[in-house]
Amino acid sequence: MRTEPHLLDDGGRQCERFGLTLRRVKVFISHASGDRRFAASLGEALANAGLRVWEPHDLHPGDNWALESGKALDAADAIIVLLSPDAVASEWVRREIEFAISSPRFKGRLIPVLVRRTPQVPWILQELPQWIEARDPDAAAARIVRLLKQPDAPARAKTSEAR
């Protein structure tokens, strides 16, 4: 039996808050360490909306971080990439983006979220229709939930909180 690593789960109690009617979506938030606070707040807001979010801070000293992260990526239904200057410079974030782009199952389920102005965002992420700019984790979570519950997510227009 395969276990899912470190997923927040509220038992579906707040799933209706955002009107989420699809099956429980497992989300991986890719981010640089400099964006840890935003990622934690976003993860909490997504969990409160009924999504299951992998939390890397649950790992303990001695855990194989790369292995556990890989398991979480493999178990994910969607990948949220927090973009900032730190993220663009991060080899780990770059690898996670490459993983998502190379997998057909993430088509329409790779959601870039610009959390800080970043002049060198990878062009391929800028072209995704589900691009979000957000400085507020709760606003980003609401938009992500709306995107994930749409079966036609790839065809949706770009959304932006602040331009």
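See the structure printed just above.
## Observations regarding the overall build of the chain
Along its length, the chain carries 6 helices and 5 strands. Listed by position from the N terminus, the elements making up the chain come as β-α-β-α-β-α-α-β-α-β-α. A buried classification covers 48% of the 163 residues belonging to the chain. The long-range fraction of contacts in the chain, counting pairs at least 24 apart against all pairs at least 6 apart in sequence, stands at 73%. If you sum the accessible surface of the chain, you get close to 8500 Å²; carbon and sulfur atoms cover 51% of it.

## Comments concerning the environment of glutamate 55
Considering the arrangement of structural elements, one finds glutamate 55 in the loop between strand S2 (52–53) and helix H2 (65–75). Here the alpha-carbon distance between glutamate 55 and glycine 43, two residues 12 residues apart in the chain, equals 7.7 Å.

## Section: the pairing of strand S4 (residues 110–114)
Two faces belong to every sheet, and in a regular strand the side chains alternate between them. Counting buried positions over the 5 residues of S4 gives 5, a clear majority of the element. Side chains of S4 alternate between two faces, with Leu110, Pro112 and Leu114 and Ile111 and Val113 buried alike. Two strands pair when backbone bridges link them, and S4 and strand S5 (residues 132–133) are joined in this way by 2 bridges, in the parallel orientation. Counterpart to leucine 114 in the pairing with S5 is glutamate 133.

## Structural notes on the pattern of salt bridges
Applying the stated criterion across every chain, the model contains 7 salt bridges. For arginine 116, the salt bridge identified is with aspartate 35, shortest N-O distance 2.7 Å. Here the residue arginine 116 occupies a position in the loop between S4 and helix H5 (123–126), and aspartate 35 occupies one in the loop between strand S1 (26–30) and helix H1 (36–48), the gap between them amounting to 81 residues. Given a relative accessible area of 32%, arginine 116 falls into the partly exposed group. Between glutamate 68 and lysine 71 there is a salt bridge; the shortest N-O distance is 3.5 Å. Within this pair, glutamate 68 and its partner lysine 71 are both found in helix H2, separated by 3 residues, close to a single helical turn. Its relative accessible area of 39% is what places lysine 71 among the partly exposed residues. Several salt bridges converge on common partners, so that one network encompasses Asp35, Asp86 and Arg116.

Rules of the game
- Residues numbered from 1 in each chain as written.
- Predicted model: local features only at pLDDT ≥ 70, side-chain atom pairs only at ≥ 80, totals over all residues.
- Heavy atoms only, no water.
- Helix = DSSP H or I, 4+ residues; strand = E, 2+ residues; numbered from the N terminus.
- Buried < 20%, exposed > 50% of the residue type's maximum accessible area, 1.4 Å probe, protein only.
- Contact = heavy atoms within 4.5 Å.
- Areas by Shrake-Rupley, 256 points an atom, 1.4 Å probe, with all protein chains shown as cover.
- Pairing = 2+ DSSP bridges.
- Salt bridge = Lys/Arg side-chain N within 4 Å of Asp/Glu carboxyl O.

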